[in-house]
Amino acid sequence: MQHTARERSFWLIAIALVLTYALVPVIWMVSLSLKPAEKLSTERGFFYGIFHPDFSNYDAIFSGSVFTRPLVNSIGIAAISTFIAIALAALAAYALSRLDFPGKTLILSGALAVAMFPPISIVGSLFDIWRDIGLYDTWPGLIIPYMTFTLPLAIYTLSAFFREIPWELEQAAQVDGATPFQAFRKVIVPLAAPGVFTAAILVFIFAWNDFIFANTLTSTNNARTVPPALAFFTGESQFEQPIGAISAAAVVVTVPIIIMVLIFQRRIVAGLTAGAVKG
Amino acid sequence: MEAATAPTRPAEAPPGRGGISERAREERRLGWMLCAPAVIVMLLVTGFPIVYAIILSLQKNDLRFPDEKEFVGLSNYVDVLTSTTWWSDVFNTLIITVFSVGLELVLGMAIALVMHRAIFGRGPVRAAILIPYGIVTVVAAFAWRYAFDPASGFVQGLPLISDTAAPLSERSGSFIVIILTEVWKTTPFMALLLLAGLSLVPDELHEAAKVDGASTWQRFVRITLPLMKPAILVALLFRTLDAFRIFDTVFIQTGGANGTETVSILGYNVIINRVNVGLGSAVSVLIFIFVLLIAFVFVKGLGASTAQQRGEV
């Protein structure tokens, strides 16, 4: 189909607007992170840091443990939470998308209800219990509450992906004499791997993003993750925010996520919307 | 909508009691077995703490005075519900929720339409809008806070904006920045949900209406919107519940100062800063009840609209 010049320019403008919308704060953060402290208030241009990069903020955050230790905590806690959630949810999602049994709707709506749960509602209990049983300020102390949002999300996205799998192959395996469990393990697992991987990225992003649990259930760098660490970074004086250091740390935790999201964008969109709309 | 998209399983032999086959029974057992771990974990990590929160909320439980722990009935709830702080925080939270979800709906719909109708560039647009979605909320909150910083931000230098503007030092400015941050971060999610809803609207209806002389706007209002109602309600439900529990952005940008304290920030302050676990748990339970109420209203509306649609279509 031919498009008129007017149509083309309309869409170009629309696309440019959306790109600007998405990128402005990101470029701003990168630009800030590349500005040395003394240039913060003198060179206020949006692109200054990009055109005159100075890496002293990055040197600063990687020289001590103020940022590196929370970074290790963030990676470890998010990775373990993702692994546990995906393992448990994969079993459930297989059953939910494939098998017929009473209680399916109840489980799906229950998972949805859990996903909508306000974290602040259980922060007090966990704060109280964790301090009694020694889970306060530990990795498991965060991994356990992360299950409140990682599990439902994983169940929803995985169920959505599993519905798209060519199940005839499983039946073929069963005709050949495999039990339902064998069919699951030998045929479906390899087919489901890409969907599982996408769900894992989504779950990881959610765990990586958490602030409220990490802020309330940790007190030291023993288990503090990056988001609360950013909030409690201190500058030269109590009243001065280390803008450059926070921006550099923010860029470090943002760039890997952006790269993952861009690489797997098509699948992520499918996972996000299928889970929500078909629910 | 659910009926239209959910794959319907061919009804196998009706499972009469006792008459179900060995295979069906095995399938049922396997189903339960596979779901059990996830279900048990979800119950443990949410059900148990919320019940515990209810128990705590009925106690005088202040960590500064551990010896004075006792059962006090509903007095914590009375304290919360008669305080002006609670109600002004509810008001603040509702302001943020209503404005951010409202703006997201409009903006999300616009982006969804761009993605749905785009003659080119769909890929870059989809990739771009996933960026805000993937960014840590705390990072987004810092980015916008620094953008508006009166000493080093770039916003002051923009045309049409006062050179002395310091929005995060006064109330309405703080609300604007908080809402802007929320809208920026979560519109992509809204847009993707709406896009999925848009793709369910059959093109033939638009063609037919076009032939009948309906304008683009008429077609949008009379065809697209009504058919998308369930998708819109689902998106609104998700986002409203999410916005109501707003914590990260407010914590980073104002810490609740300038009259922007939300209910989640209040709960945090009472439990963590004032270590009054009893009173804080009452706040937590009340927030939980609010969320249940909001969900109930939406689910009612959603049920009504899907039922209506099934009747019509």
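Calculation notes
Residues numbered from 1 in each chain as written. Chains lettered and ligands numbered in written order. Predicted model: local features only at pLDDT ≥ 70, side-chain atom pairs only at ≥ 80, totals over all residues. Buried ≥ 20, exposed ≤ 12 C-beta atoms within 10 Å, placed from the backbone. Helix = DSSP H or I, 4+ residues; strand = E, 2+ residues; numbered from the N terminus. pLDDT = per-residue confidence, 0-100. Contact = placed C-beta atoms within 7 Å. Nonpolar A, V, L, I, M, F, W, Y, C, P; charged D, E, K, R; others polar. Domains from an automatic or database assignment. Core = buried A, V, L, I, M, F, W, Y, C linked by C-beta atoms within 7 Å. Axes fitted to C-alpha atoms, helices over the stretch in contact; angles between N-to-C directions. Parallel < 35°, antiparallel > 145°, perpendicular 65-115°, else oblique. Left-handed = near helix turned anticlockwise from the far one by under 90°.

**What about helix 6 (residues 137–147) of chain B?**
Here's step 1: Of all eleven residues making up helix 6 of chain B, eleven are buried, and the element is well covered by its neighbours.
Here's step 2: When we look at burial in helix 6 of chain B, the residues that qualify are Thr137(B), Val138(B), Val139(B), Ala140(B), Ala141(B), Phe142(B), Ala143(B), Trp144(B), Arg145(B), Tyr146(B) and Ala147(B).

**Remarks on the confidence of the model for chain B**
Residue and element names in this part refer to chain B.
Here's step 1: Mean pLDDT for chain B: 86, with 92% of residues reaching 70 or above.
Here's step 2: Scored below 50 in pLDDT, residues 1–16 shows twelve contacts in the model against residues more than four places distant or in partner chains.
Here's step 3: The complex model carries a pTM of 0.89, and its ipTM stands at 0.90.

**Here we look at the interface of chain B and chain A**
Here's step 1: Between chain B and chain A, the contact holds 82 residues from the first and 80 residues from the second.
Here's step 2: For the side of chain B that touches chain A, the element with the highest residue contribution is helix 2 (residues 22–57) of chain B, accounting for 19 residues.
Here's step 3: Among the residues forming the side of chain B that touches chain A, the class breakdown is 62 nonpolar, 14 polar and six charged.

**Brief notes about the domain arrangement of chain A**
Residues and elements named next belong to chain A.
Here's step 1: Domain annotation of chain A identifies domain 1 (1–54) and domain 2 (65–277).
Here's step 2: Facing the eight residues of domain 1 at the interface are six residues of domain 2.
Here's step 3: Classifying every residue of the side of domain 1 that touches domain 2 by side-chain character gives six nonpolar, one polar and one charged.

**Re the nonpolar core**
Here's step 1: Core analysis: the biggest nonpolar cluster contains 169 residues, and Ala89(A), Ala92(A) and Ala38(B) have the highest contact counts within it.
Here's step 2: Ala38(B) has contacts with Leu88(A), Ala89(A), Leu91(A), Ala92(A), Leu151(A) and Ile155(A), leaving out every residue within four places of it along the chain.

**A closer look at the confidence of the model for chain A**
Here's step 1: Overall, the prediction assigns chain A a mean pLDDT of 87, with 95% of residues at 70 or greater.
Here's step 2: Mean pLDDT across the elements of chain A ranges from a minimum in helix 13 (residues 265–277) of chain A, with 71, to a maximum in helix 10 (residues 212–216) of chain A, with 95.

**Structural notes on the packing of helix 4 (residues 84–117) of chain B against helix 7 (residues 171–198) of chain B**
Residues and elements named next belong to chain B.
Here's step 1: One way to put it is that helix 4 packs onto helix 7 with a least axis distance of 6 Å and a crossing angle of 45°. Comparing their axes, helix 7 and helix 4 come out oblique. In this structure, helix 4 meets helix 7 at a crossing whose hand is right-handed.

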